[in-house]
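# Coordinate analysis (summary)
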Amino acid sequence: MQNKVFAVVIFLLISVGLFGQTEQNITVSFNNTPLKEAVLKVETLSDKKFYFEASWLKGHFVTKTFENESLRKVLDGIFSNTNINFILNDGNVILLNNTYVYTELPSDYFNEAKPDEKVIEENNNAPIFQEEYAERQTVHQRKLVTIGKQRPNAANKTYVLSGVFKNSKTGEPLQNLSISTVDRTKYAVTDSEGRFSIRLPYGLNKLETNLLGFEKIRQDVIMYGDGSLNIELRENTESLEEVVVKSKKDANVRDAVVGVTNIDIETIKTIPLVLGERDILKVATTMPGIKTTGEGSSGFNVRGGRADQNLILLDDAVLYNPSHFLGFFSAVNPFTTGSLEIYKASIPAEYGGRLSSVFDIETKSGDMEKFKGEGSVGPITANLAVEVPVVKEKASVIAGFRATYSDWILRSLDEEELKNSEASFYDGIVKYKHIIDDKNNIQGTFYYSKDRFSITSDSIFDYNNRLISLKYGHNFNEKSRAELILVNSQYKYGINYEADANENFDFGYELNEYQAKLNFNYKLSGKHKLSYGLSSKLYSIDPGNIAPIGANSDVQAKTIDREKGLESAVYLADLFEVTDKLLLDLGLRYSFYSALGPATQNVYKDGAPKSESSIIEVREYGNNESIKTYGGPEYRISGRYLLGNEFSVKAGFNRTIQYLHLLSTNTTQSPTDIWKLSDLNIAPQRANQYSLGFFKNLPGKDVEFSIEGYYKTMDDLLDYKIGAQLILNDDLETELLQGEGKAYGVEFLVKKNSGRFNGYVGYSYSRAQIKLDSQIMQERVNNGEFFPANYDKPHDFSVVANYKLTKRFSFSGNFTYQTGRPITYPIGRYVFAGEEQVLYSDRNKFRIPDYYRLDLGVNIEGNHKLKKLAHSFINISVYNVLGRNNPYSVFFVNEEGQIKAYKTSIFSVPVPTITYNFKF
């Protein structure tokens, strides 16, 4: 009997225990209820005691309905969008702020480590307890941040951390800031809006940042899930000592693109240049793969491309003539320029319309907090740029104006011929930026430049550029953003000739381009970053008009019919992180072009030279009627494979199409050249480029090595018949030839970015050749074989160096060597029809003498007192120290039956310069 009573008591006790542990189901509804209020409501319904810190629940709201659900499901629901975990313990509920209590350790937690293996770092299944490290003095440590919500069985996953970096002082986004793990295994760079995205493993990650002029921070982040982290950085004003730091640190190794050159705007101020003018585009020509045809020449030849094959953008608008003073100075103000990126290969899919390169120049935004400026005074030019806050931390304006006073100098000379000559230029730029809110911003740029010169006293040449750019940016969310861009570019030139009353005339030329672009960026996942969009541009060209000046002029007025063309494109690109080592940049652009009326087009007989006698039909086209359409896919493919943390190999393939052509019979680009649209008789140019490069950084030394090779093929390149007449020609196609080209080369660069001694050494071996072959003899050159292009210079060697002696005194210099460009020589004489004629060699068979030049400079910084009106910088330099009489061109004159060769030079003696620069 006693045993039965004991059994009943035990059964009752067990039953009471089981019923005590049974969870009570709950029915409750919340509609935007504060989380703290919701927790207290559940506490009353559950008959349990809740323990928590009220501050953890601030800022969270709940909108959910629960019907007869268990307490565990209710708590999971109301905490689903927070970092709160919980423990159910008897009659208590304990809330935890992003902490998970493990009830058991992983099965392999106490296993012995293999040789050279660190358990805590390699075994991601282990919970994180504690880790310490030594902090560098130059790094500012930030407070530990936890992203996401800690959950069990999540240790083997990776998560995406995204966010925005801003200037803590101005609120401006920080572009080209690098953020990486301390061991450099993970890496990201901020875009133009300061946004970044980086995939990190579960647990503790140590991140570091690098950006010129801003504090370097170390941020510890514990990743439990995807999330965002916005950071503001202070400007680094602790020391005024100049330090050269590459803004996109390690980007040369880790980015997928190949053939990209970044020009550091701040560091070019010490490089000696002609007449002391700081010039970002001239500095670009010291880099491998970027050349000019000669000293003082306009235009660039990039990897064997012609001068017209470069897309030069200033705030997204095309700059058609990037030079002043017939090529001596750049038309881009260095004091208002924020960045310059040059794509020689791996051209992004959003850019099109040129074969060889993209010069992407971006004007910096004005300071949104305080008024400041920068300026310089040199031998013949003066420059001033100011930054004005319009709405504090919201809107600003930057404006720059530059002009020459060379006319005043010329008028003061005693020599009559120089006194009556003229040479002047000026340019101005204004950029307004307004941050409306976190999601919207607008900016607009206006630029105008004008050159005016007279080589003789009876003729005046002038040309000008005008650009207008408007951009609206919108961030839909952390993953998606878009921008709408509207631009107009105009290039005009004119010639006023008044030497003879019977021949006085006024000539004018004008090109206008209108473009609209819509670009999107979408972060599909941690491995895929998509960019896509569409664009359309309208070309309108007035090829030339001439009008007589005065009643006695015999010049006949004439106007060439306007040309119009519509070029449109769509593109899609994917930055695909296949693995930690392999990164692919895959792009496809499809462009479509239509030549538009009104126009008159000639149809020529097949197999006969194009001439007035071979015209078989003349076609008339109405306004906006399609004359001829062209188009096709343009592939942009590149990839990077890491061979180590500081060593990578990259490869790329580019296909490009160009519908606009520059026509010039000169060796170099001239202000009076004309642009011609593709039409019924002129096909667009096409090119394929293959690139391969190896990139290496020396850790701790800030030294870069790179070697790149390329091979490029081109079709339908334009050239000209001997004695071609390009100006005011109604049948221009009769003077033109179209053929194929090829270019190949190897480029080598060693660059030291910081330290008392810094600079770079660049060398390239490259060839550029053209082939003009045809079944028609009159359209065949050099027997239809490849011959060197006018800008073919196989060897190109440059050294740019700076040495900082003290905080205030430094020395700089640069040396340049180039192979002489090709030229056609007279090689004999013969008699035809009773007259003596000159016999010339094959085209471009010979070369002018090689070019080399040494420039030296001394740089003197003003004192570094903080409380002063302005900080100054003086550059004293000597251009062409060796006095080398480098030939600009070679020409031949028949003197008394003998053919004599003469050469012209630009600067055949050393040219000293002193320039005063200041900041306030």
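Below is a short write-up of the structure. Predicted, not measured: the structure shown is a model, and the values here were computed from it.

Let us now look at the overall build of the protein chain. Across its full length, the protein chain carries eight helices and 57 strands. When the 920 residues of the protein chain are sorted by exposure, 50% land in the buried category. Put simply, of all contacts in the protein chain between residues at least 6 apart along the chain, 65% involve residues at least 24 apart. Of the roughly 43,300 Å² of accessible surface on the protein chain, 54% is carried by carbon and sulfur atoms.

Considering soluble globular proteins, one finds that nonpolar side chains tend to be buried as a cluster. Membership of the largest hydrophobic core comes to 50 residues, with the highest contact counts inside it found for Tyr-320, Phe-507, Tyr-509, Leu-663, Trp-675, Leu-726 and Leu-736. When residues of this core are assigned to their parent elements, the largest contribution, four residues, is made by strand β31 (residues 505-523). With near-sequence residues (within four places) excluded, Leu-663 lies in contact with Asp-673, Ile-674, Lys-676, Leu-718, Tyr-720, Leu-726, Leu-732 and Leu-736. Leu-319, Ala-331, Ile-342 and Ile-485 belong to the second-largest nonpolar core, a separate cluster that totals 30 residues.

Taken together, five strands build an open sheet; the order of strands is β15-β22-β23-β18-β19 and the sheet is mixed. Whereas interior strands pair on both sides, the edge strands pair on one side only; in this sheet they are β15 (260-263) and β19 (317-318). Inspection of the sheet shows strand β18 (residues 310-314) paired to β19 by two bridges, in the antiparallel sense. Bridge assignment links Leu-313 to a residue of β19, and that residue is Val-318.

Contact geometry of helix α2 (residues 35-46) with helix α3 (residues 71-78) gives a least axis separation of 11 Å together with a crossing angle of 175°. What the angle tells us is that α2 and α3 run roughly antiparallel. Across the interface between the two elements, Leu-35, Val-39, Val-42 and Ser-46 of α2 pack against Leu-71, Val-74, Leu-75 and Ile-78 of α3. Across the contact of α2 with α3, the residue classes tally to seven nonpolar, one polar and no charged.

Turning our eyes to something else, we now look at the packing of aromatic side chains. Geometrically, a pair of aromatic rings is defined through the distance of the ring centres and the angle of the planes. Applying the stated criterion across every chain yields a total of 24 aromatic pairs. Residues Phe-300 and Phe-359 carry aromatic rings whose centres are separated by 5.3 Å and whose planes lie at 25° to one another, so their mutual orientation is stacked. Residue Phe-300 is found in the loop between β16 (290-291) and β17 (301-302), and its partner Phe-359 is found in strand β23 (residues 357-363); the two are separated by 59 residues along the sequence. Taken as a pair, Phe-300 and Phe-359 share a single burial class, namely buried. Three or more aromatic residues link up through ring pairs in this structure, and these residues are Phe-453, Phe-461, Tyr-463, Tyr-491, Tyr-493, Phe-507 and Tyr-509.

Moving residue by residue along a regular strand, the side chains alternate between the two faces of the sheet. Two strands pair when backbone bridges link them, and strand β50 (residues 826-832) and strand β51 (residues 835-840) are joined in this way by six bridges, in the antiparallel orientation. By the bridge assignment, Val-831 is partnered in β51 with Glu-836. A loop of two residues connects β50 with β51, the two strands running antiparallel in sequence, and Ala-833 in this loop sits at a positive phi of about 55°.

Mapped onto the elements, Leu-584 comes out in strand β35 (residues 582-596). Residues Leu-584 and Ser-638, 54 residues apart in the sequence, show an inter-C-alpha distance of 6.0 Å. Not counting the four nearest positions on each side in its chain, Leu-584 is found in contact with Asp-574, Leu-575, Phe-576, Val-578, Ser-638 and Gly-639.

As a further point, take the pattern of salt bridges. Scanning the model with the defined rule gives 29 salt bridges in all. One salt bridge in this structure joins Lys-166 and Asp-438, with 3.8 Å as the shortest N-O distance. Separated by 272 residues along the polypeptide, Lys-166 in strand β7 (residues 158-167) and Asp-438 in the loop between β27 (422-435) and β28 (440-454) bring together distant segments of the chain. As a salt-bridge pair, Asp-719 and Arg-843 come within 3.0 Å of each other at their nearest N and O atoms. Taken together, the residues span a long stretch of sequence, with Asp-719 in strand β43 (residues 703-720) and Arg-843 in the loop between β51 and β52 (846-847) at a distance of 124 residues. Connected through salt bridges with shared partners, the residues Arg-303, Lys-344, Glu-708 and Glu-747 form a single ionic network.

Cut-offs applied
- Residues numbered from 1 in each chain as written.
- Predicted model: local features only at pLDDT ≥ 70, side-chain atom pairs only at ≥ 80, totals over all residues.
- Heavy atoms only, no water.
- Helix = DSSP H or I, 4+ residues; strand = E, 2+ residues; numbered from the N terminus.
- Buried < 20%, exposed > 50% of the residue type's maximum accessible area, 1.4 Å probe, protein only.
- Contact = heavy atoms within 4.5 Å.
- Areas by Shrake-Rupley, 256 points an atom, 1.4 Å probe, with all protein chains shown as cover.
- Core = buried A, V, L, I, M, F, W, Y, C linked by side-chain atoms within 4.5 Å.
- Pairing = 2+ DSSP bridges.
- Axes fitted to C-alpha atoms, helices over the stretch in contact; angles between N-to-C directions.
- Parallel < 35°, antiparallel > 145°, perpendicular 65-115°, else oblique.
- Nonpolar A, V, L, I, M, F, W, Y, C, P; charged D, E, K, R; others polar.
- Phe/Tyr/Trp six-rings, centres within 6.5 Å; stacked < 30°, edge-to-face > 60°.
- Salt bridge = Lys/Arg side-chain N within 4 Å of Asp/Glu carboxyl O.

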